[in-house]
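Chain by chain, the residues:
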There are 2 protein chains.
Amino acid sequence: MKRRDILAAAGVGLAATALAGCKEEAKSSAAPQEGSSAQTFTWKMVTSWPKNFPGVGVGAERFAKLVDEMSNGRLKVKVYAAGELVPALEVFDAVSRGTAEMGHGAPYYWKGKVPAAQFFCALPFGPNAQEMNAWLHYGGGQALWEEVYKPFGVLPMACGNTGVQTAGWFNKEMNSVDDFKGLKMRTPGLGGEVLTKMGGTVVNMPAGEIFTAMQTGAIDATEWIGPYNDLALGLHKAAKYYYTPGWQEPSVLFELDINIKAWETLPADLKAIVRAAARDVNGDMLDDYNAKNMEALEQLKADGVEVRRLPDEVLARLKEVAGEVVEASAAADPAAAKVWEHQKAYLQRLYDYAEVADKDIYNIRG
Amino acid sequence: MKRRDILAAAGVGLAATALAGCKEEAKSSAAPQEGSSAQTFTWKMVTSWPKNFPGVGVGAERFAKLVDEMSNGRLKVKVYAAGELVPALEVFDAVSRGTAEMGHGAPYYWKGKVPAAQFFCALPFGPNAQEMNAWLHYGGGQALWEEVYKPFGVLPMACGNTGVQTAGWFNKEMNSVDDFKGLKMRTPGLGGEVLTKMGGTVVNMPAGEIFTAMQTGAIDATEWIGPYNDLALGLHKAAKYYYTPGWQEPSVLFELDINIKAWETLPADLKAIVRAAARDVNGDMLDDYNAKNMEALEQLKADGVEVRRLPDEVLARLKEVAGEVVEASAAADPAAAKVWEHQKAYLQRLYDYAEVADKDIYNIRG
């Protein structure tokens, strides 16, 4: 699920609603407070998600509920679905300019504005959720993230993860590298760039159009998120094969964006509450996805979906091309290059460690 | 790291200190509060950890600090190292009888009292941290855990994880199943039961004695936790080979114990704060261990440690024996049997899912 889909899935062009929501309701302009205060804050959190969107949307709601409960209502966070206040892809902008004090989205949605952002989100053949979290919280990633967002007046925090995704839905068998030639596939972002280099054609479209496009043959393939969200979209009724693994997104990290000026008006206890709520959701959403993806894949199999694995030869070529795409993407922007240089070196060390630890635990189950 | 080690590492027999700490300082006997209140609570948290113990001990301190900050000092949690108030292995008992309102330890430390507890902690060839969290938080595990602890007046919450451990330190090569015959190894718990069935001899001892026992040849092998904590203990100076993977503990989950009567006196906001702080630490400690284990293993290798993998043949036999040990352990107690029946079925579904998701992401990195 990427930029354009979210955009349309959530309904673009609700500019009137957005403007109406822009009136200054927030009471966050008071002087900074130490410790605590009886003052009540009413903040807006714009999101990139449709209302009640499973997994990530539910996680954003959980964040607001936790903050409300922990602060006993002193920090009310009103969650806006995409398009209610601002369009899905303008979450970062809205927080940056102070239209909303908070936002929840995927860092790579604003890579057009902040190219380095995608390195805090997802990388083809890149880190899983656990590795991304280790780099962010104990490997120096968080400091780099804050440095990159600071010029925009935004403080980022990790706030959720999809875990491992799938390679997507295909209406033909994918047996060799040649099968990508001429393939019309809905797959945005870096994955889309890889497809193009493999000889395919990227045809992006909003979520609501994917099902019909697959059924009519307008596209041959599509990726979305993973079994949990894919089942909800009904893609198994429009495609024959479900391919794994999700090489293009071994994990997708979601971010909480906070307007720094608003942040500075919060007393210390509310700051601590916001930080802990974000960390709670960061773990909880992953637990949710892991459980529900498992259940949904069982359901899909029961419904007759043929789950297949991309052949090794294909994965090897995809990895090669993905490496080129990531390097080119990093090289095109100085901040991205700096982040990637740091992240690449650190992740390689984690990958080496995983060989004798996490990876091997999966192997020995036999 | 298991029962007896912690016991002695932390200093047993500090009964005088324990008794001195038992005087009623806590202000938790007030009537239950809804929402919030200005009332200040001063709670004790007894732990199974020596002062400033890396990883898990630091995590317990983080929990107390988070609660203090979020509540602006309305809930002060004073952390006691093992032996300061009660011995390391009496944390659960102390919370159960109300000597302390909270405790932090590893569920399997009290398996003598609550045999089912170990199924919420660690299992040989069992779940990794991510899988244990999915089962607890979205698979029904938490409800079972609360049911098992309720008769003791204790509310448990997940609050930290070591991630993948190592198989341990050996002063001889482990090339075949026969190499376990006559092996004198410090390895407690279910791992120890497996060793005994393999023909070895379990020689348990506190942490402070392991180094000397290895150097003098009193034991041939030992396991402790993982690179981060093992390096701190200096085991690489007393053993030649460091074997992976940690089949006996693919993850160890730590628990926050709360006395239910004390819990019921907290207003809703403080309850929410405690819950979120526990979830924060549950993720944060794993990030800490993953980063530091990686760094420590690099250091150990640089110091000349020979890192080896147990042969497939050995791992296959260990798995077989471990399966028997776990089944026997579950069968010996009705509550344990109920928990294991549920957990076993759910984990198998997660393991099947991992084959096409998490496991395969490690494989395709090539």
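In the block above lies the structure referred to throughout.
From a predicted model like this one, the values you see are computed outputs, not experimental measurements.

Could you clarify how one ought to interpret the overall build of chain A in this entry?
Within chain A, the secondary structure is distributed over 14 helices and eleven strands. Taken over C-alpha atoms, the radius of gyration comes to 21 Å for chain A, in line with the 21 Å a tight globule of 366 residues would show. Along the longest, intermediate and shortest principal axes, the C-alpha atoms of chain A span 65 × 45 × 40 Å. Within the span of chain A, comprising 366 residues, buried residues form 62% of the whole. Put simply, of all contacts in chain A between residues at least 6 apart along the chain, 78% involve residues at least 24 apart. As presented, chain A carries roughly 12,500 Å² of accessible surface, and 53% of it is formed by carbon and sulfur atoms. Each charge sign in chain A was given a centre, from 38 positive and 46 negative side chains, and these centres are 3 Å apart.

How do you make sense of the interface of chain B and chain A when you look at a structure like this?
How big an interface is tends to be stated in terms of the accessible area lost upon association of its parts. Counting residues at the interface gives 61 residues for chain B, matched by 61 residues for chain A. For the pair chain B and chain A, the summed buried surface comes to about 5,800 Å²; carbon and sulfur atoms form 57% of the total. The three residues of chain B that bury the most area against chain A are Tyr138(B), Tyr362(B) and Arg365(B), which together make up 15% of that side's buried surface. Counting across the interface, chain B meets chain A through ten salt bridges. Of the charged contacts in the structure, one is a salt bridge between Asp287(B) and Arg279(A), with a shortest N-O distance of 3.1 Å. Here chain B is connected to chain A by 18 residue pairs in polar contact (both at pLDDT 80 or more). Counting only elements with at least two residues in the side of chain B that touches chain A, the list comes to helix H3 (56-70), helix H5 (129-138), helix H11 (268-302), helix H12 (312-331), helix H13 (334-356) and helix H14 (358-363) of chain B. With 19 residues, H11(B) is the single largest residue contributor to the side of chain B that touches chain A. When its residues are assigned to classes, the side of chain B that touches chain A shows 28 nonpolar, 14 polar and 19 charged.

Explain helix H7 (residues 189-197) of chain A here, please?
Two residues of an α-helix separated by three or four positions point the same way, owing to the 3.6 residues in each turn. Residues and elements named next belong to chain A. Taken together, the buried positions of H7 are Leu190, Gly191, Gly192, Val194 and Leu195. Contacts made by the buried residues of H7 are with strand S6 (184-186), strand S7 (201-202) and helix H12 (312-331). At the exit of H7 stands Gly199, carrying a positive phi of roughly 100°.

Please explain the side chain of Thr244(A) as it appears in this structure.
With respect to the helices and strands, the residue Thr244(A) is situated in strand S9 (residues 241-244). Filtering out sequence-adjacent residues up to four positions away, Thr244(A) remains in contact with Thr166(A), Ala167(A), Val307(A), Arg308(A), Arg309(A), Leu310(A) and Val356(B).

When you look at the relation of the copies chain B and chain A in this model, what are you seeing that I'm missing?
Aligned on chain A, chain B shows an RMSD of 0.0 Å; the corresponding rotation is 180° and the shift along the axis is 0.0 Å. Taken together, the rotation and translation describe the operation of a two-fold axis. Across chain B, the smallest distance between a C-alpha and the rotation axis is recorded for Asp280(B), namely 2.6 Å. By residue overlap, the copies meet face to face through one surface: 100% of the interface positions of chain B are interface positions in chain A.

When you look at the sheet that holds strand S4 (residues 154-161) of chain A in this model, what are you seeing that I'm missing?
Strands pair in a sheet through their backbones, by hydrogen bonds, and they do so in one of two ways: parallel or antiparallel. All names here are of chain A. Taken together, the five strands give an open sheet; going across it, the order is S2-S1-S3-S10-S4, and neighbouring strands pair in mixed fashion. Two strands lie at the open edges of the sheet, namely strand S2 (75-80) and S4, each paired on one side alone. Sheet twist, expressed as the average angle between the axes of neighbouring strands with direction ignored, equals 25°. Sheet topology places strand S1 (residues 41-47) next to strand S3 (residues 102-105); three bridges connect them, and they run parallel.

Would you mind showing me how to read the nonpolar core here?
A general tendency of soluble globular proteins is for nonpolar side chains to be buried together. By size, the foremost hydrophobic cluster in this structure holds 252 residues, and its most contacted members are Phe63(A), Leu256(A), Leu318(A), Phe63(B), Leu256(B) and Leu318(B). Two domains each provide a minimum of three residues to this core, namely domain 1 (3-164 + 250-292) and domain 2 (168-249 + 311-363) of chain B. Residues contacting Leu256(A), with those up to four places away along its chain left out, are Met45(A), Phe63(A), Met102(A), Gly103(A), His104(A), Leu155(A), Pro156(A), Met157(A), Cys159(A), Val274(A) and Ala278(A).

Whenever I open this one, the packing of aromatic side chains confuses me. Can you help?
Pairs of aromatic rings are described using the distance from one ring centre to the other and the angle between the two planes. One pass over the structure, following the stated rule, counts 33 aromatic pairs over all chains. Here Phe119(A) and Trp340(A) contribute two aromatic rings whose centre-to-centre distance is 5.5 Å and whose plane-to-plane angle is 35°, an arrangement assigned as tilted. You can see Phe119(A) sitting in the loop between S3 and helix H5 (129-138) and its partner Trp340(A) sitting in helix H13 (residues 334-356), a full 221 residues away along the chain. Given the relative accessible area of 1%, Phe119(A) is considered buried. Three or more aromatic residues link up through ring pairs in this structure, and these residues are Trp49(A), Phe92(A), Tyr108(A), Tyr109(A), Trp110(A), Phe120(A), Trp135(A), Trp145(A), Tyr149(A), Phe152(A) and Phe254(A). Seen from the ring of Tyr80(A), Lys78(A) lies directly overhead, with NZ or CZ sitting 4.9 Å from the centre. Positioned above the aromatic ring of Tyr351(B), the side-chain terminus of Arg365(A) is 3.6 Å from the ring centre.

Sorry if this is basic, but what is going on with H11(B) here?
Residue and element names in this part refer to chain B. For H11, which comprises 35 residues, the first-to-last C-alpha distance of 51 Å matches the rise-based estimate of 51 Å (1.5 Å per residue) to within 8%. With 25 of 35 residues buried, H11 lies mostly within the body of the structure. Trailing H11 by a residue or two, Gly304 shows a phi angle of about 95°, which is positive.

Which parts of the structure should I look at to understand the sheet that holds strand S7 (residues 201-202) of chain B?
Residues and elements named next belong to chain B. Strand order in the open sheet made by the six strands is S7-S6-S8-S5-S9-S11, with mixed pairing throughout. Because the sheet does not close on itself, it has two edges, and the strands there are S7 and strand S11 (306-309). Sheet analysis places strand S5 (residues 168-170) next to strand S9 (residues 241-244), joined by three bridges and oriented antiparallel. Counterpart to Gly168 in the pairing with S9 is Tyr243.

Sorry if this is basic, but what is going on with the pattern of salt bridges here?
A pair can form between side chains of opposite charge whenever their charged atoms are brought close. Tallying each qualifying case throughout the model produces 46 salt bridges over all chains. Here Glu223(A) ties to Arg186(A) by a salt bridge, and the two come within 3.7 Å at their closest N and O atoms. With a gap of 37 residues between them, Glu223(A) in the loop between strand S8 (221-222) and helix H9 (227-233) and Arg186(A) in strand S6 connect regions that are remote in the sequence. Given a relative accessible area of 0%, Glu223(A) falls into the buried group. Arg308(B) is the partner of Glu306(B) in a salt bridge, and the nearest nitrogen-oxygen pair spans 2.5 Å. Exposure remark for Arg308(B): the relative accessible area of 25% places this residue in the partly exposed category.

Explanation requested: the pairing of strand S3 (residues 102-105) of chain B in the structure shown.
Along any regular strand the residues' side chains alternate between the sheet's two faces. Residues and elements named next belong to chain B. Here S3 shows no split at all, with Met102 and His104 on one side and Gly103 and Gly105 on the other all buried. By the bridge criterion, four bridges tie S3 to strand S10 (residues 253-259) in an arrangement that is antiparallel. When the sheet's bridge partners are listed, His104 is paired in S10 with Leu256.

The rules behind each value
Residues numbered from 1 in each chain as written. Chains lettered and ligands numbered in written order. Predicted model: local features only at pLDDT ≥ 70, side-chain atom pairs only at ≥ 80, totals over all residues. Heavy atoms only, no water. Helix = DSSP H or I, 4+ residues; strand = E, 2+ residues; numbered from the N terminus. Rg over C-alpha atoms; globule rule 2.2 N^0.38 Å. Buried < 20%, exposed > 50% of the residue type's maximum accessible area, 1.4 Å probe, protein only. Contact = heavy atoms within 4.5 Å. Areas by Shrake-Rupley, 256 points an atom, 1.4 Å probe, with all protein chains shown as cover. Lys, Arg positive; Asp, Glu negative; His and termini not counted. Charge placed at Lys NZ, Arg CZ, Asp CG, Glu CD. Buried area = accessible area lost by both parts, 1.4 Å probe. Salt bridge = Lys/Arg side-chain N within 4 Å of Asp/Glu carboxyl O. Polar contact = N/O pair within 3.5 Å; in protein donor to acceptor, adjacent residues only side chain to side chain. Nonpolar A, V, L, I, M, F, W, Y, C, P; charged D, E, K, R; others polar. Least-squares fit on C-alpha atoms with pLDDT ≥ 70 in both. Pairing = 2+ DSSP bridges. Axes fitted to C-alpha atoms, helices over the stretch in contact; angles between N-to-C directions. Core = buried A, V, L, I, M, F, W, Y, C linked by side-chain atoms within 4.5 Å. Domains from an automatic or database assignment. Phe/Tyr/Trp six-rings, centres within 6.5 Å; stacked < 30°, edge-to-face > 60°. Lys NZ or Arg CZ within 6 Å of the ring centre and 35° of its normal. Expected span 1.5 Å × (residues − 1).

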